[in-house]
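Notes for the structure review
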Amino acid sequence: MILDSSGNLVESFDEERQARATLEQIVGEAPEAAEHLALVTYDEHGEPVGDAITFSTHAATR
């Protein structure tokens, strides 16, 4: 899921790859959004897995 800094759902995905691509696209179109968005992965029980991924974290792993 991509969430904004208030915890609101921006978009949800079945695959992390799609979520990362969408996060990159959003920030490409609106660079100011980078500091307000995070990607959060959940397991099959709805529990968060690992740390939230911010755009700066995502860009560093590319």
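Residues numbered from 1 in each chain as written. Predicted model: local features only at pLDDT ≥ 70, side-chain atom pairs only at ≥ 80, totals over all residues. Heavy atoms only, no water.

A cluster of nonpolar side chains, contributed by M1, L9 and Y42, occupies part of the molecular surface with about 270 Å² of accessible area. Along the chain, L9 turns up in strand β2 (residues 9–11). (Patch = residues over 30% accessible without salt bridge, like charges linked within 9 Å, V, L, I, M, F, W, Y side chains within 5 Å. Areas by Shrake-Rupley, 256 points an atom, 1.4 Å probe, with all protein chains shown as cover. Salt bridge = Lys/Arg side-chain N within 4 Å of Asp/Glu carboxyl O. Helix = DSSP H or I, 4+ residues; strand = E, 2+ residues; numbered from the N terminus.)

Here we take up helix α1 (residues 16–29). Its 14 residues place the ends of α1 20 Å apart at the C-alpha level, agreeing with the 20 Å of an ideal helix rising 1.5 Å per residue. Residues of α1 that are buried: A19, T22, L23 and V27. Down the axis of α1, the buried set is contained in an arc of 130 degrees. They therefore lie on one face. Structural note: α1 exposes R17, G28 and E29 on the side pointing more than 90 degrees away from its buried face. (Expected span 1.5 Å × (residues − 1). Buried < 20%, exposed > 50% of the residue type's maximum accessible area, 1.4 Å probe, protein only. Arc of directions from axis to C-beta.)

Bringing the sheet that holds strand β1 (residues 2–4) into the picture now. Taken in spatial order, the four strands make up an open sheet running β2-β1-β3-β4, and their pairing is antiparallel. At either margin of the open sheet sits one strand with a lone partner, and together these are β2 and β4 (48–54). The mean angle between the axes of side-by-side strands here comes to 35 degrees, regardless of whether they run parallel or antiparallel. By the bridge criterion, four bridges tie strand β3 (residues 37–42) to β4 in an arrangement that is antiparallel. Bridging from a neighbouring strand, T41 pairs with V49 of β4. Along the sheet, α1 contacts β1, β2, β3 and β4; its crossing angle with β3, the most-contacted strand, is approximately 175 degrees. (Pairing = 2+ DSSP bridges. Axes fitted to C-alpha atoms, helices over the stretch in contact; angles between N-to-C directions. Contact = heavy atoms within 4.5 Å.)

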